Amino acid sequence: MMQGTSGSLALLRALVGDDVITVDAATLAPLETDHRQLFHGKALALARPRDTAAVAKILAFCNAQKIGVVPIGGNTSYCGGATPDASGTQLLLSLARMNRIRAVDAANLSMTAEAGCILANVQREAAAAERYFPLSLGAEGSCQLGGNLATNAGGLNVLRYGMARDLVLGLEVVLADGRVLESLSALRKDNTGYDLKSLFIGSEGTLGVITAATLKLFPAQHDSATALATVPDPAAAVNLLALLRKRSGEMLSSFELLPRVALDLVQRHLPELGNRGMPETGEWQVLVELTSSRSQNSLQDWLQESLATAADKGLIVDAIVAQSGEQASQFWRWRESIPEAQRRDGASLKHDISLPVSSVPEFLSRAQPLLATCAPEGFLVAYGHLGDGNLHFNVNQKPGTDRAAFLAREPALQRAVHDLVHEFAGSFSAEHGIGRLKVDELARYASPVELDLMRAVKRTLDPNGILNPGKLLRG
Ligand code: FAD
Ligand code: MLT
Ligand code: ZN
């Protein structure tokens, strides 16, 4: 930093206005700690610009002064991606005030929204135009579009609609030096050189600050069918997935694996959600959803028939097909509350892994025994987006064990789990990103060529290293 701290802040205030910059401790405090309480930082100040021009001024200034900038959205990252370091020299940059829907083009099936929009609001605006925006995750009530794109979020509908990256037509990004990449194209076909926007999606605030995006919309959903099916084991779940894909094709939008232990945690820690209709037996459940934009009300019968075929083949033991929208929502509330139930249960060690779907059962049988050797104080809560081969191989602390001893197991357990994932040609970060938590993992598992290219891109776009320093790549 070239100026003294107070000198810099005074200059910044003069540049963008007093009300954009705050150092109020109570406002900053919740933003200086990550959602999982793994990282605690101290920010220089918080900037809350109202438009792209102000973001550009802030970045140009910070670049000249070599002040680190940490973009922050809803602060729901699982990897400490939005937490400043402890130096008190990094500026937190929140786009929460940039929360306008700039345009909806229903005929073009597209919408342009600012990065500070809460994801649930983006979904609602699409619905208001009788369209559908499919990105959906447990944190959708508080995470922001900018954070979703910066992490290339996944979630519950990837099976059919892809990751966040697949839902973007165009982007507006402020570069480290304050220039604005205006690339809010609403085109589906546009082969004019490198696909620059893709570089910023999933870059976790290390290459530029996303200020707006043009998103793909889809026809509104008019028919759906949802079921909770008890499967004998994960191998049967994989075969059930294949059967449903064959019978239902693109109508299959979600296929989630839920172990008994996860439902038990939800029941114990979130009794207000109720447990009427929750399957009482069976170690493994899958939550399946078919959706269609056609309003023929035929999907429920279709799903019922498919599940009957699956039962004949021994792929399911039992199934409850939701008889109402409310019952389907109840299934989803149970599913989406697993992370919160886990959090309330106590300390946890998370592994956000992906594998070829066909390898999941073998992986699980080889990975499960690792707990006994690497983290005997923990129990496994492995669940997630089986349709995408994405498991949250999470481990929670057993009651009565020592928290510090349990947490101290993390490096050894993580190494064993991620090495096994690597052996299966999988990924140690399927959808949550790298942030601060997995910087060493990226350095270990990415190839030298991949790391060279990533560093070259970082140097080119952020030569002074001001954007989210210490995240994603080693400094
Ligand atoms: P933040 O946490 O604020 O930031 C995340 C990263 O993006 C940081 O590196 C930050 O610097 C950067 N960033 C933020 N805004 C911008 C911007 N405008 N420009 C550039 N960089 C920016 N994730 C999934 O993928 N799938 C899930 O199913 C899922 N379920 C979750 C359930 C719960 C209950 C919770 C708490 C989290 C879940 N997550 C999930 C993780 C998290 O919600 C996602 O990573 C989400 O996309 C982060 O959005 P955010 O706005 O909170 O970003
Ligand atoms: C989810 O799918 O619920 C989250 O991404 C997983 C987690 O909390 O680990
Ligand atoms: Zn997930």
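Structure: above.
Draft legend 1. Representation of the coordination of the zinc ion (ligand 3). Each protein donor to the zinc ion (ligand 3) is listed here as H385 (NE2), H392 (NE2) and E431 (OE); together their distances run 1.9 to 2.1 Å. Read in sequence order, the donor residues coordinating the zinc ion (ligand 3) give the pattern H-x6-H-x38-E. Residue H392 is found in strand 19 (residues 390–397), and its partner E431 is found in the loop between helix 16 (410–423) and helix 17 (439–445); the two are separated by 39 residues along the sequence. On the basis of relative accessible area, H392 is assigned to the buried category, the value being 4%.

Draft legend 2. How the structure looks around the state of the cysteines. Scanning the model with the defined rule gives zero disulfides in all. With no disulfide of its own, C117 lies closest to C143 among cysteine sulfurs, the gap being 12 Å. Residue classification places C117 among the buried positions, given a relative accessible area of 2%.

Draft legend 3. Examining the environment of S427 more closely. By secondary structure assignment, the location of S427 is in the loop between helix 16 and helix 17. The class for S427 is partly exposed, based on a relative accessible area of 23%. Taking the C-alpha atoms as reference, S427 lies 35 Å from Q300; in sequence the two are 127 residues apart. Every residue in contact with S427, bar those within four places of it in the chain, is listed here: D352, I353, S354 and V421. A polar contact is formed between the side chain of S427 and the backbone nitrogen of S429, at a distance of 3.0 Å.

Draft legend 4. Region of interest: the site of ligand 1. Around ligand 1 there are 36 residues in total, and P71, G73, G74, T76 and S77 lie nearest to it. In the model, an oxygen atom of ligand 1 is placed 2.7 Å from a nitrogen or oxygen of the G73 main chain. Note that an oxygen atom of ligand 1 is positioned 3.2 Å from one of the backbone N or O atoms of E204. Contributing elements (two or more residues each) for the shell around ligand 1: strand 3 (69–72), helix 5 (145–150) and strand 10 (209–216). Take the shell around ligand 1: its biggest share by element is four residues, from helix 5. Classifying every residue of the shell around ligand 1 by side-chain character gives 14 nonpolar, 20 polar and two charged.

About the cut-offs
Residues numbered from 1 in each chain as written. Chains lettered and ligands numbered in written order. Predicted model: local features only at pLDDT ≥ 70, side-chain atom pairs only at ≥ 80, totals over all residues. Heavy atoms only, no water. Donors = N, O, S within 2.8 Å, 3.2 Å for Na, K, Ca; no water. Helix = DSSP H or I, 4+ residues; strand = E, 2+ residues; numbered from the N terminus. Buried < 20%, exposed > 50% of the residue type's maximum accessible area, 1.4 Å probe, protein only. Disulfide = S-S within 2.5 Å. Contact = heavy atoms within 4.5 Å. Polar contact = N/O pair within 3.5 Å; in protein donor to acceptor, adjacent residues only side chain to side chain. Near = heavy atom within 4 Å. Nonpolar A, V, L, I, M, F, W, Y, C, P; charged D, E, K, R; others polar.

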